[in-house]
Amino acid sequence: MRELTKKDTILITGGSGLLGSNLAVFLGDKFNVYFLYNKNFVKLPNCEGIKIDLTNFEETKKLILKVKPKIIIHCAALTNVDYCEEKPHEAELINSQTTKNLAEISKQINSKLIYISTDSVFDGEKGDYSEEDKPNPINVYGKTKLNGENYVKSICKNYTIIRTNIYGWNIRDKFSLAEWILNKLKKNETFFGFEDIQFTPLLVNNLGRIIFEICIKDIKGLYHIAGPEKCSKFDFAKIIAEVFCLNKDVIKLGNSDLVNFKAPRPKNISLDTEKIQNILKTNLFGVRRGLEEFKFLNEKGFVKMLKKGAEI
């Protein structure tokens with residue numbers, strides 16, 4: 001692929017979501033960026049937003065054929081794990097079939113497709129999963145995201161699949177895990193952090209810079225792009241308290257087995273990121289480093305700017 005320029009068009013799905021909005025803001029002054037949203041209107045600097053329902057396959061195809069993006073970054077997904085378990089057909093439509101449609105369109109117009117997948121494609125039995133480990137999702141969310149991966153691999157010639165687990169600042173009035181924990185800490189409310197669930201969290205802005213490098217270098221294939229350090233949800237909460245200088249005594253040890261979730265949760269979905277780290281110049285942030293940047297983004301006004309984009 002030739003070298004990208006500011007005139008090249010990047011199309012981002014899920015522009016009102018956590019990754020989509022942060023990514024559009026970051027790439028907006030580097031490329032000609034369009035972002036798609038459905039129910040939740042947002043306005044972002046240096047980008048053009050387009051309202052569309054991705055499950056309307058024909059309208060989606062017409063739009064993309066008109067825009068002719070060099071790269072499609074597919075961030076849109078139904079991510080509420082329990083809702084997916086209750087509504088498996090809706091989860092399959094949004095997470096799998098829309099991905100299939102985008103893969104077919106991408107192939108037709110000879111564009112690159114970057115598909116954002118999840119660590120939930122694994123069963124959590126061993127952890128430290130590499131790209132060579134066989135996926136075995138235990139809930140509907142993981143199964144539908146894995147179906148999306150398989151469509152991308154079978155249809156596209158030029159693709160990048162990213163398995164990750166992100167946190168960060170949302171443009172809309174909803175919480176990523178870190179935001180939820182921070183909200184509880186600021187209110188000094190007691191809550192439980194699961195000590196039995198291990199993961200490798202990555203700040204969404206760190207992932208955005210990595211996706212930029214993937215675009216520039218035309219990196220292809222399947223990659224685990226997550227934090228280089230694993231921790232429990234309990235430890236993650238305690239580090240947030242330390243970074244923000246808040247009372248960590250309100251964080252109590254919890255066990256996910258004692259919660260009546262509708263969907264089963266894998267216990268250890270930590271990812272091995274060695275493959276991508278051998279390619280990247282961009283460093284992956286460890287847990288504390290990522291949370292320090294998370295705090296800094298708020299202090300320097302980034303979050304205020306981001307959330308302004310959701311005001312109608």
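Rules behind the numbers
- Every chain is numbered independently, its residues counted from 1 as its sequence is written.
- Side-chain atom pairs in this predicted model are given and counted only at pLDDT of 80 or more, local residue features only at pLDDT of at least 70, and totals for whole chains, interfaces and linings cover all residues.
- Side-chain metrics in this entry use all non-hydrogen atoms of the structure; hydrogen atoms and water are not considered.
- Here, nonpolar core refers to any group of buried Ala, Val, Leu, Ile, Met, Phe, Trp, Tyr and Cys residues whose side-chain atoms link them within 4.5 Å.
- Relative accessibility under 20% of the residue-type maximum defines a buried residue, over 50% an exposed one, and the middle range a partly exposed one, all with a 1.4 Å probe and only protein chains included.
- Every helix listed is a DSSP run of H or I at least four residues long, and every strand listed is a run of E at least two residues long, numbered separately from the N terminus.
- Note on contacts: a residue pair is in contact if any heavy atoms of the two residues lie within 4.5 Å.
- Each Phe, Tyr or Trp ring, with Trp reduced to its six-membered ring, pairs with another whose centre is within 6.5 Å; inter-plane angles below 30 degrees give stacked pairs, above 60 give edge-to-face pairs, and intermediate values give tilted ones.
- To define axes, lines are fitted to C-alpha atoms, for helices over the stretch in contact only, and angles between the resulting N-to-C directions are given on a 0 to 180 degree scale.
- In what follows, roughly perpendicular refers to angles from 65 to 115 degrees, roughly parallel to angles under 35, roughly antiparallel to angles over 145, and oblique to any angle outside these ranges.
- Should the near helix be turned anticlockwise from the far one by less than a right angle, the crossing is left-handed, and should it be turned clockwise, the crossing is right-handed.
- As a working rule, the residues Ala, Val, Leu, Ile, Met, Phe, Trp, Tyr, Cys and Pro are called nonpolar, Asp, Glu, Lys and Arg charged, and the rest polar, with Gly in that last group.

Some points on the nonpolar core
- Counting residues in hydrophobic clusters, the biggest one holds 65 residues, and the most contacted among them are Ile12, Ile73, Ile211, Ile225 and Phe236.
- Examining the composition of this core, we find that seven residues originate from one element, helix α8 (residues 233-243), more than from any other.
- Excluding residues within four positions of it along the chain, Ile12 makes contact with Gly20, Leu23, Ala24, Leu27, Val33, Tyr34, Phe35, Leu36, Ile73 and Cys75.

Quick look at the packing of aromatic side chains
- In the structure shown here, the tally under the stated rule is 12 aromatic pairs.
- Between the aromatic rings of Tyr37 and Phe41, the centroid separation amounts to 5.8 Å while the plane-to-plane angle is 85 degrees, which identifies the pairing as edge-to-face.
- For Tyr37, a relative accessible area of 11% puts it in the buried group.
- Among the residues examined, Phe41 registers a relative accessible area of 36% and is labelled partly exposed.
- Ring geometry for Phe122 and Tyr129: centres 4.1 Å apart, planes at 5 degrees, overall stacked.

Topic: the packing of helix α4 (residues 88-109) against helix α5 (residues 140-155)
- Running from N to C, α4 and α5 cross one another at 15 degrees; their axes reach a closest spacing of 9 Å. In terms of their interaxial angle, α4 and α5 are classed as roughly parallel. Seen along the crossing, α4 lies across α5 with a hand that is right-handed. Residue-level contacts link Pro88, Ala91, Glu92, Asn95, Ser96, Gln97, Thr99, Lys100, Ala103, Glu104 and Lys107 of α4 to Val140, Tyr141, Thr144, Lys145, Asn147, Gly148, Tyr151, Val152 and Ile155 of α5.
- Here the residues of the contact of α4 with α5 are counted per class, giving eight nonpolar, seven polar and five charged.

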